[in-house]
Amino acid sequence: MTFGEKLFKLRKEKGLSQEALAEQLNTTRQAISKWENSQGFPETEKLLTIGNIFEVSIDYLLKDTIGEKKENEQGYYVSREMAEGFLAYQRKSYKYVASGISLFILSSLPYWIFNQNTALSTFLIILIATFGVGVIGIATFLENHQYKILRKEPLLLDQNFLKELSVKYEHSKKRYAAVIVVGVCLLASGLMPFLFEKKNITSGVLIPYYPFCMGLIAIGSYILLRTLPILHSYSLLVKNEEHVNRLSFKLLRKGRKKLEDI
C-alpha cells in the first residue's frame, strides 16, 4: 500500500472529505487528490500534521512508500527533511571551506608585495594564513554527524521526492556550468605563469605579475569549492546507486565492517 492509498484509507475511516482534510492542513482539495493518486507528496510539516490528525506515526505513513522497492533491498531511508538539511549544510559548510582556502592562498601576497620588508611580509603572511585556517575551522565546528551516514550506506528515498530532486540537480548543473568554466579558466590563468617561469619559457618576465596570478588562483579556487561540492551532494542523493557501486565505496565499506568486527 502506497502513501496515497494509506491517506485515502485513513481519510475514509475518519469520515473526512478531501475539502475537510485540506482545510485542516491549510492546503487545497486538489493537493489532497494528487497525494491520494500518488501524483505528489506533502511537505514534512504537513506530513507531521497528517500523522497527528489520524493518530499514526510518520514511520507508518512512509514505510510502505519505501516498500515499493524490492523487499530484500536494504539501505538507509532518507526523508525529505534530512535530504534538504544535508544540502543546506553542504552549502553553508563549503562556503567557509572555500573562503578559508582562498585566504590561505592569498596569504602569499605579502611575500611578493612587501618583499623589501621581511618583517612586515612575514607578519601579514602569518596573519592572513591564520585567519584562513580559522575560517576553515568554523566548517569543522559546523560538522553535523547525522549526515555522515549518507556517504557510508546505500540510500533509499521516496520516489516522488527523488524525481523532484533529480529536476533540481539537472537545473543546478545547468546553472553552475558557466560558473565552473569561469572558475577553471581563472585557476588555469593564475597557474600558467608559474609553470612558464619554472620551464624558463618567459625568463622572469612574469614574476612581477605573481600577486595578480595568486589573486586569480584564489578566486578560481573559491568558485570551484563553492559549486562542485554542491553538485556532488546532489549526485550523492540522486545517483546513489552509481555511488555505492564504485570500487572505492565497496572497499571503504568492507574496511569499516572489519574494524567493527574487531
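### Some points on the overall build of the protein chain
- Secondary structure summary: the protein chain contains 12 helices and 2 strands in total.
- Relative to its length of 262 residues, the protein chain is extended, with a C-alpha radius of gyration of 26 Å against a globular reference of 18 Å.
- Considering only C-alpha atoms, the protein chain reaches an extent of 85 × 50 × 30 Å along its principal axes.
- Counting the 262 residues in the protein chain, one finds 36% classified as buried.
- Expressed as a percentage of contacts within the protein chain between residues at least 6 apart in sequence, the contacts between residues at least 24 apart total 75%.
- Summed over all atoms, the accessible surface of the protein chain reaches about 15900 Å², with 59% contributed by carbon and sulfur.
- Here the protein chain contributes 34 positively and 25 negatively charged side chains, and the mean placements of these two sets differ by 8 Å.

### Side note on the nonpolar core
- In terms of nonpolar packing, the biggest core is built from 22 residues, with Val78, Phe86, Leu150, Leu157, Leu165 and Leu237 touching the most fellow members.
- When contributions to this core are tallied by element, the ones reaching two or more residues are helix H6 (80–106), strand E2 (155–157), helix H9 (159–198) and helix H10 (210–238).
- One finds Leu16, Ala22, Ile32 and Leu47 within the second-largest nonpolar core, a separate group that totals 17 residues.

### Some remarks on the confidence of the model for the protein chain
- In the predicted model, the protein chain carries a mean pLDDT of 85, and the fraction of residues at 70 or more is 92%.
- Within the protein chain, the element-level pLDDT minimum falls on helix H5 (residues 58–66), averaging 66, and the maximum on H10, averaging 95.
- A low-confidence stretch, residues 65–73 stays under pLDDT 50, and its non-local contacts, those more than four residues away or across chains, total 11 contacts.

### Details of the environment of arginine 11
- Along the chain, the position of arginine 11 falls in helix H1 (residues 3–14).
- For arginine 11, a relative accessible area of 4% gives the class buried.
- Taking C-alpha positions, arginine 11 is 7.7 Å from leucine 21, a pair spaced 10 residues apart along the chain.
- Beyond its immediate chain neighbours, meaning those up to four positions away, arginine 11 contacts Leu16, Ser17, Gln18, Leu21, Glu36 and Phe54.

### A short note on the layout of surface pockets
- Estimates place the volume of the second largest pocket at around 170 Å³.
- As for the second largest pocket, its lining consists of 15 residues, of which Thr44, Leu47, Ile58, Leu62 and Ser79 are closest to the centre.
- The set of elements that each furnish at least two residues to the lining of the second largest pocket consists of helix H4 (44–54), H5, strand E1 (76–78) and H6.
- Looking at the lining of the second largest pocket residue by residue, the classes come out as 9 nonpolar, 2 polar and 4 charged.

### Side note on the packing of aromatic side chains
- All chains considered together, the criterion is met by 7 aromatic pairs.
- Between the aromatic rings of phenylalanine 194 and tyrosine 210, the centroid separation amounts to 4.2 Å while the plane-to-plane angle is 25°, which identifies the pairing as stacked. Taken together, the residues span a long stretch of sequence, with phenylalanine 194 in helix H9 and tyrosine 210 in helix H10 at a distance of 16 residues.
- For phenylalanine 194, a relative accessible area of 23% gives the class partly exposed.
- Classification of tyrosine 210 as buried rests on a relative accessible area of 8%.
- One aromatic cluster is present, formed by Tyr111, Trp112, Phe194 and Tyr210 through successive ring pairs.

The rules we used
- Just so you know, the residues in each chain are numbered from 1, in the order the chain's sequence is written.
- Predicted model: local features are reported for residues with pLDDT of at least 70 only, side-chain atom pairs are reported and counted for 80 or more only, and whole-chain, interface and lining totals are derived from all residues.
- The side-chain quantities take in all heavy atoms of the structure and omit both hydrogens and water.
- Runs of E in the DSSP output that reach at least two residues are strands. Runs of H or I that reach at least four are helices, and both are numbered from the N terminus.
- Here the radius of gyration uses the C-alpha set of atoms, whereas the globule reference equals 2.2 Å times the residue count to the power 0.38.
- We call a residue buried when its accessible area falls under 20% of the maximum for its residue type, exposed when it is over 50%, and partly exposed in between, using a 1.4 Å probe and counting protein chains only.
- Should any heavy atoms of two residues lie within 4.5 Å, those residues are considered in contact.
- Using a 1.4 Å probe, accessible areas were evaluated by the Shrake-Rupley method; residue-level cover was limited to the displayed protein chains.
- Positive charges come from Lys and Arg alone, negative charges from Asp and Glu alone, with His and the N- and C-terminal ends not counted.
- Charged groups are reduced to one reference atom each: NZ for lysine, CZ for arginine, CG for aspartic acid, CD for glutamic acid.
- For this analysis, a nonpolar core means a set of buried residues of the types Ala, Val, Leu, Ile, Met, Phe, Trp, Tyr and Cys, connected via side-chain atoms within 4.5 Å.
- Per-residue confidence from the predictor is reported as pLDDT, which spans 0 to 100.
- The rule is simple: put a 1 Å grid over the protein atoms alone, call a set of points where a 1.4 Å probe fits but cannot get out a cavity, call an open set with protein on both sides within 12 Å along at least five of seven lines a pocket, and count a residue as lining if it has an atom within 4 Å of a point.
- Grid points are joined across faces, edges and corners, and a volume is the space filled by probe spheres set on the points.
- Residue classes follow a fixed rule: Ala, Val, Leu, Ile, Met, Phe, Trp, Tyr, Cys and Pro count as nonpolar, while Asp, Glu, Lys and Arg count as charged, and any other residue, Gly among them, counts as polar.
- Note on ring pairs: Phe, Tyr and Trp rings are taken, using the six-membered ring of Trp, and paired if centres are within 6.5 Å. Classes follow the plane angle, with under 30 degrees stacked, over 60 edge-to-face and the rest tilted.

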